[in-house]
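These are the residues of each chain, in order.
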Number of protein chains: 2
Amino acid sequence: MPRAGLTTALVVDTAIAVIDEQGLDGLTLAAVASRAGVATPSLYKHVGSLTELRKLLGIRVLEEMTAVVTAAVLGTSGDSAVAALMRALREYVLAHPARYAAAPLDPLHDPALAAAGTGLLNTFLAVLRGYGLADSAAIHATRRLRAVAHGFVSLEANGGFGLPEDLDETYQQLIEMFIASLPRG
Amino acid sequence: MPRAGLTTALVVDTAIAVIDEQGLDGLTLAAVASRAGVATPSLYKHVGSLTELRKLLGIRVLEEMTAVVTAAVLGTSGDSAVAALMRALREYVLAHPARYAAAPLDPLHDPALAAAGTGLLNTFLAVLRGYGLADSAAIHATRRLRAVAHGFVSLEANGGFGLPEDLDETYQQLIEMFIASLPRG
DNA sequence: GCAGGAAAGCTACTAGCATTAGCCTAAGCG
DNA sequence: CGCTTAGGCTAATGCTAGTAGCTTTCCTGC
């Protein structure tokens, strides 16, 4: 019996493939093991538990989101950076809804996730730099941005908008609404 | 052996008690049965499956939210109605986070949930009546309202705001931001 | 080139879950 | 007072996560 050559990173890769195909609820160790061509208990050589796998998946997704969003705002600033960030986030979620669902909402409360969460947070804060916000005001603005983007995007990804009106238009209005809430420079 | 006297509604009541205590993930038929003082298979006399119980729970929560939110906006209109609706929703979610998590995001896509979802939707629409929005604009405004409120409230309920800044202040800013996006009359 | 040990796989097992089948009896109704 | 129905039960299946302990591959040191 030749060795499968798994690593923790490969198990996470496999988990991503599983949720992309079957949704977050389809994430079972049995599904991951089967796709990796291995018996279920063998996964325990690489991840401690299903809970830990979910955490690693969350880290991976946060890092991927940070990379995507950071790339989208490079070379822009001010209102166009805000718009670019929001649009990039929405595109990511539409392309990979299950991955977004796997991202923890409270990464800062878990030491293992805090670094990845801080990375994404910093990108949000960086985009709002230049509006002359004091420390506390910048935090509130970041929260508003996150609430608006997360609210729309999670509803859209879950089929939450039942009526036929154009969703691009709604999101555009949200972007403008948020930008209007920022101080004019 | 005396009869327990269960009904479908009582099973849903019990399910609510279970998630209030153990969170949405703690909702198992075993937990519901144990709390109802009954063996697990007995529940099948009243609900068809765990999936159906989740649906009934979703309906119950949507109805409860509709009642709470409707009561909060009675006798108000315009900006103060919007603010009252948003504050009432937040209070409900903070008081019963697991119930809110049990509410489906896409009720309109399931015939069994559509009526309950429409009820809540109508309250949102009613609050925005009086701003002189055309049909389509009213839909977009309702979506903005829902996205803002759901975004903040789901993040807050899940511990998503890690920093010590005052959350009441952030929410107040969101209310003002949304109101500012409505046409002045 | 070859031991030897760590790491990676395996099978076998336990316990908890949803669900089904089929039995038994309590409660209402003639 | 008996019959029927419906609400409870036990027993059993199959899937899940997780544990124990065995085997084998592969890398490292010599």
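The structure presented is a predicted model; accordingly, all values stated were derived computationally and were not measured.

(A) Quick peek at the protein's contact with DNA strand D. Of all residues adjacent to DNA strand D, which total 22 residues, the nearest are A:Thr28, A:Pro41, B:Ala4, B:Ala39 and B:Ser42. Elements represented by at least two residues in the surface near DNA strand D include exactly helix H2 (29-36) and helix H3 (50-73) of chain A. Within the surface near DNA strand D, the residues separate by chemical class into 13 nonpolar, 6 polar and 3 charged.

(B) Representation of the packing of helix H4 (residues 78-95) of chain B against helix H7 (residues 135-157) of chain B in the model. Residue and element names in this part refer to chain B. Where H4 meets H7, the axes come as close as 10 Å, and the angle between the chain directions of the two elements is 25°. By the angle between their axes, H4 is roughly parallel relative to H7. The hand of the H4/H7 crossing is right-handed. On the side of H4, the interface is formed by Met86, Leu89, Arg90, Val93 and Leu94, while H7 contributes Ala149, Val153 and Ala157. Residues belonging to the contact of H4 with H7 are distributed by class as follows: 7 nonpolar, no polar and 1 charged.

(C) Expanded view of the packing of H7(B) against helix H8 (residues 167-180) of chain B. All names here are of chain B. Two elements in contact, H7 and H8, have axes separated by 10 Å at closest approach and are oriented at 170°. Of the possible angle classes, the one that applies to H7 and H8 is roughly antiparallel. Only Leu167, Tyr171, Leu174 and Phe178 of H8 make contact with H7, whose side of the interface consists of Arg144, Leu145, Val148, Phe152 and Glu156.

The rules behind these values
- Residues numbered from 1 in each chain as written.
- Chains lettered and ligands numbered in written order.
- Predicted model: local features only at pLDDT ≥ 70, side-chain atom pairs only at ≥ 80, totals over all residues.
- Near = placed C-beta within 6 Å.
- Helix = DSSP H or I, 4+ residues; strand = E, 2+ residues; numbered from the N terminus.
- Nonpolar A, V, L, I, M, F, W, Y, C, P; charged D, E, K, R; others polar.
- Axes fitted to C-alpha atoms, helices over the stretch in contact; angles between N-to-C directions.
- Parallel < 35°, antiparallel > 145°, perpendicular 65-115°, else oblique.
- Left-handed = near helix turned anticlockwise from the far one by under 90°.
- Contact = placed C-beta atoms within 7 Å.

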